[in-house]
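# Residue-level structural notes
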Amino acid sequence: MLGPDERNLALMRELQHLAPYRFHPLLDKEQLMYGDIGLEELLEKAQQRLDDFPEPVDAIVGYWDFPVSSMVPILATDNGLPGPSLESVVKCEHKYWSRLVQREVTDAHPGFAIVDLDEPETPPGMQFPMWLKPVKSFSSDLAFRADDEAGLRAAAAEIREGIGRIGRAFDFLLSKLELPPAIEEAGGMACLAEEAVRGEQLTTEGYVHGGRAHVHGVVDSLCYPDSSSFLRYQYPSQAPEELQERIIEISREVIEHMGLNDSTFNIEFFWDTDTDAVNILEINPRLSQSHAPLFELVDGMPNHQAMVQLAVGEEPTMPSREGPHRIAAKWFHRVFDDAVVDSTPSEDDLARLAEELPGATVDIIAEQGSRLSELPAQDSYSYELFAVYLGADDEDELRAKFDRCVQLLPFDLS
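Heads up: these notes are all about the structure in this document. (Residues numbered from 1 in each chain as written. Predicted model: local features only at pLDDT ≥ 70, side-chain atom pairs only at ≥ 80, totals over all residues. Heavy atoms only, no water.)

### Some thoughts on the sheet that holds strand E4 (residues 191–195)
Taken together, 4 strands build an open sheet; the order of strands is E1-E4-E2-E3 and the sheet is antiparallel. The sheet is open, and its two edges are formed by strand E1 (112–115) and strand E3 (144–146), each paired on a single side. Put simply, the sheet's adjacent strands are angled 30° from each other on average, direction ignored. Alignment of strand E2 (residues 130–134) against E4, held across 5 bridges, turns out to be antiparallel. The partner of tryptophan 131 across the bridge, within E4, is glutamate 194. The strands touched by helix H7 (residues 149–162) within the sheet are E2, E3 and E4, with E2 carrying the most contacts at an inclination of about 15°. (Pairing = 2+ DSSP bridges. Helix = DSSP H or I, 4+ residues; strand = E, 2+ residues; numbered from the N terminus. Axes fitted to C-alpha atoms, helices over the stretch in contact; angles between N-to-C directions. Contact = heavy atoms within 4.5 Å.)

Shown next, in the form of structure tokens:
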């Protein structure tokens, strides 16, 4: 496992009653996710660990975004193990390449174009508002909304300043592929502009086996009022069945056209409730580990099951509605102004929450003594204090449980 963490490892260990799986760490999360990403060095370290491992290696898995998502196909191929092709993964992850491929099979996407970061101008035929983002980023890092020319130039300046951290590693990845001319010209440190789309957000979660894409769940992504920052991911989706069927069909067509195989995936959509139009936001050639506990709470099995079965060459067997709850959500408690964290919830606070809300799983994100703006993997507009996974019988109970979590988990900020 590339970069295992305690919560996901605990979920995966619950799969052991189904097959004789044993999980071993392959580099740690801090090496993979934080600081400047030296992809070539990370691959060398990972391969050395595999070469030195005293037992047979039957599968290589990872559930994090870049660079993990791109390391999995390289390491699997180099070691003769099942996995997706590097080209299909990069097609999904390179936001511009992904849009070009999407456009070949669907019109469910916004207008888009490359923007020159040195001389940013509004792309011909595109209208404000629009979003500017690197062709590769994660957790909404360096994604900025521009409402006019001045906003576009300001966003481009911010992106130009920080794009190299991931962009240089992404360029190394692109060097391993034969690229279409448009992608070769853009490279891994380009900036994409996309016309802003609005509406409710939904995500399809699925897998590809034998070249056929399957969707096993649709998740609602709900934002804070008047914000692009997520309040919660909620499963199962409350959207109309017809809409869910439509985005499932689009997901299948696009993923199969990408050539992705032997891989989990998730696709984020916007649904405009006024026009009934749907637009793909982005495609991830991996599962969402944020959704994993939701599938366990509702269906009885985390989506890690599909990842592991694919990695050992099996067709996934995902249960449906066999879990202890009818509805589940990952909630994010955020603030929208920068601050220093003077104190975080104590062990007694966490013990009281566990007693009052058995089954709740809490991730404390903000660290005592830190400045919120310096914490890793935050979006561009808010700061996450904690996340909590909750199950319930209905949405009212779910909301009441989250409100109680906020009361029980105090943070002092200055």
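### Quick word on helix H10 (residues 241–258)
When the terminal C-alpha atoms of H10 are compared, their 26 Å separation across 18 residues agrees well with the 26 Å that a helix rising 1.5 Å per residue should span. Within H10, burial applies to Leu243, Gln244, Ile247, Ile248, Ile250, Ser251, Val254, Ile255 and Met258. The buried residues of H10 all sit within an arc of 165° when viewed along its axis, so they share a single face. Exposed side chains of H10 directed beyond 90 degrees from the buried face belong to Glu241 and Glu245. (Expected span 1.5 Å × (residues − 1). Buried < 20%, exposed > 50% of the residue type's maximum accessible area, 1.4 Å probe, protein only. Arc of directions from axis to C-beta.)

### Here we look at the sheet that holds strand E5 (residues 200–209)
Pairing within the open sheet is antiparallel, and its 8 strands lie in the order E9-E8-E5-E6-E7-E10-E13-E12. The two strands at the open ends of the sheet, each matched to only one other strand, are strand E9 (278–284) and strand E12 (361–364). On average, adjacent strands in this sheet sit at an angle of 20° to one another, irrespective of strand direction. Sheet topology places strand E6 (residues 212–223) next to strand E7 (residues 230–235); 4 bridges connect them, and they run antiparallel. When the sheet's bridge partners are listed, aspartate 220 is paired in E7 with glutamine 234.

### Remarks on the packing of helix H5 (residues 86–93) against helix H6 (residues 95–102)
One can describe the packing of H5 onto H6 by two numbers: an axis separation of 5 Å at closest approach and a directional angle of 95°. It follows from the interaxial angle that H5 and H6 lie roughly perpendicular. Contacts from Glu87, Val90, Lys91, Cys92 and Glu93 of H5 reach H6 at Lys95, Trp97, Ser98 and Val101. Across the contact of H5 with H6, the residue classes tally to 4 nonpolar, 1 polar and 4 charged. (Parallel < 35°, antiparallel > 145°, perpendicular 65-115°, else oblique. Nonpolar A, V, L, I, M, F, W, Y, C, P; charged D, E, K, R; others polar.)

### Examining the side chain of lysine 29
When you line up the elements, lysine 29 lands in helix H2 (residues 29–33). One buried charged residue, lysine 29, forms no salt bridge at all, with the nearest opposite charge on aspartate 5 at 5.0 Å. If we skip the residues at most four places from it in the chain, lysine 29 touches Gly3, Asp5, Tyr34 and Trp64. (Lys, Arg positive; Asp, Glu negative; His and termini not counted. Salt bridge = Lys/Arg side-chain N within 4 Å of Asp/Glu carboxyl O.)

### With respect to the packing of aromatic side chains
A complete count under the given rule lists 13 aromatic pairs for this structure. Summarising the aromatic geometry, the rings of phenylalanine 66 and phenylalanine 170 are spaced 5.5 Å apart at their centres and angled 90° between planes, so their arrangement reads as edge-to-face. With a gap of 104 residues between them, phenylalanine 66 in the loop between helix H3 (39–52) and helix H4 (68–78) and phenylalanine 170 in helix H8 (residues 164–174) connect regions that are remote in the sequence. Given a relative accessible area of 0%, phenylalanine 66 falls into the buried group. Taken together, a centroid distance of 5.4 Å and an interplanar angle of 75° make the contact between tyrosine 224 and phenylalanine 336 edge-to-face. In this pair, tyrosine 224 sits in the loop between E6 and E7 while phenylalanine 336 sits in the loop between strand E10 (327–335) and strand E11 (341–343), placing the two residues 112 residues apart along the sequence. The rings of Trp331, Phe386, Phe402 and Phe411 are connected pair by pair, giving a single aromatic cluster. Cation over ring: arginine 334 sits above phenylalanine 332, and NZ or CZ is 4.8 Å from the ring centre. (Phe/Tyr/Trp six-rings, centres within 6.5 Å; stacked < 30°, edge-to-face > 60°. Lys NZ or Arg CZ within 6 Å of the ring centre and 35° of its normal.)

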